[in-house]
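Architecture at a glance
In case you want the letters, here they are:
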Amino acid sequence: MVIIVGAGLSGLLTGYRLKALSIPFKIIEARKRVGGRIHTVLSDNGTSVEMGATWFGDQHVHLKKLLKELGIGHFEQFMKGAAFYQPVSTSPAQTISIPAQQPSYRIEGGTFQLIKKLAERVGADNIVLNAPVEQIEFLDGHVLVHAKSVYKASRVVLAVPPKLWANRIKITPSLPNDLIRTALTTQTWMEESIKVALVYESPFWRLNRHSGAFFSNAGPVTEFYDHSNSDGSRFALCGFVNPDFAELAVAERKRQVVDQITKVFGSEARGFQEYLEVVWRDEERTHSRNIVQLIPHQNNGDPIFRKAYYDGKLILSSSETAASYPGYMEGAVVSAGFSVETLKLKEGLKYAP
């Protein structure tokens, strides 16, 4: 039995591949939902907005291949028309042209379609929710994983960000000091982010020949994009707020966001149907303490994460551990592939009880 800790993209994909190989496994997830940092939220009128992972590009070949395998479509991010740019708070936003660039894409129906399809293929009987793992014991011949139950395993895949397991899970015997130090100084993608969305009845920005894109050095909003769906029936603007605004009460943060967007886009921006947000610093299953100040993607992809520990009984797998595109959805897919190939190499794994 392989125990996979974490039901995000990497953990679910690992389980999906193991099931195809007839290797028994169980996925243990601390949250009450699957998906991890892929978090699509539905507004009251059914508009899908991404509070977590959103975009990918043509360079993300493993992710695109997986989407094709699962029969999930994608579409190009709308960027037609002018954009706004606000260099400083003391000056109004300027209208700018967006230079030609490689397209970015979004998943039809929301990024969660990828998670939903993988979870269906894995099977509900192979996923345990609301079960934070508190301790992992590596013993002679087997492993004990302590959550709301104790699970006996032959191998464990830690499919959660390194800093999270280093801070939250007691592992015995202790891991090497250099691995712990690296894990504690590995930045977790999204953990300091704030994402907000404004849902509208119609895309007034498109009617005004605007892309919906807005970039600001002033804040609270730092980036905003058109977030309408692929068939043009649901409309929203969605993007990022400066993490420094995390300390504000929700009502005050909303007020400042709406005031800023109204000044930039005009009075029509105030006619939104719904305001949605996620402050990832408040997500205890994503955010964990920093022992030092970390920069974006710090130690992401470090080779130390691609070693098997405890005589091959422990494999590390998350977007941050990937050899390529760490910190992105592509990295999570690559990391799951590494985990499965490592497990396949372990003698007798297919026959483990």
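Details of the structure are given in the entry above.
Residues numbered from 1 in each chain as written. Predicted model: local features only at pLDDT ≥ 70, side-chain atom pairs only at ≥ 80, totals over all residues. Heavy atoms only, no water.

**A word on the pairing of strand β9 (residues 104-107)**
With two bridges connecting them, strand β5 (residues 56-57) and β9 associate as antiparallel partners. Residue pairing for β9: Gly57 is matched across the bridge by Ser104. Where strand β6 (residues 74-76) and β9 come together, three bridges link them in antiparallel fashion. Bridge pairing in β9 links Phe75 to Arg106. (Pairing = 2+ DSSP bridges. Helix = DSSP H or I, 4+ residues; strand = E, 2+ residues; numbered from the N terminus.)

**Here's the deal with the sheet that holds strand β12 (residues 142-146)**
Pairing between sheet strands relies on hydrogen bonds along the backbone, with the strands arranged either parallel or antiparallel. Spatially, the four strands line up as an open sheet ordered β13-β12-β11-β15, and their pairing is mixed. Looking at the sheet topology across the chains shown, the edges are occupied by β13 (150-153) and β15 (170-172). Sheet twist, expressed as the mean angle between neighbouring strand axes with direction ignored, is 15 degrees. In this structure, strand β11 (residues 135-139) lies alongside β15, joined through three bridges in parallel fashion. Counterpart to Glu137 in the pairing with β15 is Thr172. (Axes fitted to C-alpha atoms, helices over the stretch in contact; angles between N-to-C directions.)

**As for the nonpolar core**
Formed by 37 residues in total, the largest nonpolar core has its most connected members in Leu9 and Leu114. Among the secondary structure elements, those contributing two or more residues to this core are β1 (2-5), α1 (9-20), β2 (25-28), α2 (61-70), β9, α3 (112-122) and α8 (329-345). Sort the elements by how many residues they give to this core and α8 lands first, with six residues. The contacts of Leu114, once residues within four sequence positions are left out, are Leu9, Leu63, Leu66, Leu67, Leu70, Ile72 and Ile107. In terms of nonpolar packing, the next biggest core, distinct from the first, is built from 29 residues, Val128, Ala131, Tyr151 and Leu175 among them. (Core = buried A, V, L, I, M, F, W, Y, C linked by side-chain atoms within 4.5 Å. Buried < 20%, exposed > 50% of the residue type's maximum accessible area, 1.4 Å probe, protein only. Contact = heavy atoms within 4.5 Å.)

**With respect to helix α7 (residues 250-265)**
The first and last C-alpha atoms of α7 sit 22 Å apart over 16 residues, in line with the 22 Å expected at 1.5 Å per residue. Every buried residue belonging to α7 is among Arg253, Val257, Val258, Gln260, Ile261, Thr262, Val264 and Phe265, and all of these are buried. Gly266 occupies a position one or two residues after α7 and carries a positive phi of about 100 degrees. (Expected span 1.5 Å × (residues − 1).)

**Structural notes on α8**
Look at α8: 25 Å from first C-alpha to last across 17 residues, which is about the 24 Å you get at 1.5 Å a residue. By the criterion of burial, α8 is predominantly enclosed, with 12 of the 17 residues buried. Taken as a whole, α8 has its buried residues at Met329, Glu330, Gly331, Ala332, Val333, Val334, Ser335, Ala336, Ser339, Val340, Thr342 and Leu343. Here the buried face of α8 lies against β1, α1, β5, α2, β14 (155-158) and β21 (314-316).

**Things to note about the pattern of salt bridges**
Evaluation of the coordinates by the stated rule reveals 14 salt bridges. It is possible to trace a salt-bridge network through shared partners that takes in Glu252, Arg255, Asp259 and Arg270. (Salt bridge = Lys/Arg side-chain N within 4 Å of Asp/Glu carboxyl O.)

**Comments concerning the packing of α1 against α2**
Two elements in contact, α1 and α2, have axes separated by 14 Å at closest approach and are oriented at 55 degrees. Comparing the axis directions of α1 and α2 gives the class oblique. The crossing of α1 and α2 is left-handed. When α1 is examined against α2, the residues Leu13, Tyr16 and Arg17 are found in contact with a partner set consisting of Leu66, Glu69 and Leu70. Taken together, the residues that form the contact of α1 with α2 break down as four nonpolar, no polar and two charged. (Parallel < 35°, antiparallel > 145°, perpendicular 65-115°, else oblique. Left-handed = near helix turned anticlockwise from the far one by under 90°. Nonpolar A, V, L, I, M, F, W, Y, C, P; charged D, E, K, R; others polar.)

**With respect to the pairing of β12**
By the bridge criterion, five bridges tie β11 to β12 in an arrangement that is antiparallel. Paired with Gln135 across the strands is His146, a residue of β12.

**Some remarks on the packing of aromatic side chains**
Enumeration according to the criterion identifies 10 aromatic pairs in this entry. Plain terms: the ring middles of Phe84 and Phe265 are 5.4 Å apart, the flat faces sit at 80 degrees to each other, and that makes the pair edge-to-face. In this pair, Phe84 is assigned in strand β7 (residues 82-86) and Phe265 in helix α7, connecting sequence segments 181 residues apart. Classification of Phe265 by relative accessible area gives buried; the value is 10%. For the ring pair Phe204 and Phe265, a centre distance of 6.3 Å and an interplane angle of 85 degrees mean the geometry is edge-to-face. Placement of Phe204 in helix α6 (residues 204-207) and of Phe265 in helix α7 is noted, with a sequence separation of 61 residues between them. Given the relative accessible area of 5%, Phe204 is considered buried. Members of the aromatic cluster, connected to one another through ring pairs, are Phe84, Tyr200, Phe204, Trp205, Phe214 and Phe265. Sitting above the plane of the Phe78 ring, Arg206 keeps its charged end 3.8 Å from the centroid. (Phe/Tyr/Trp six-rings, centres within 6.5 Å; stacked < 30°, edge-to-face > 60°. Lys NZ or Arg CZ within 6 Å of the ring centre and 35° of its normal.)

By themselves, these figures tell us nothing about what the structure is for.
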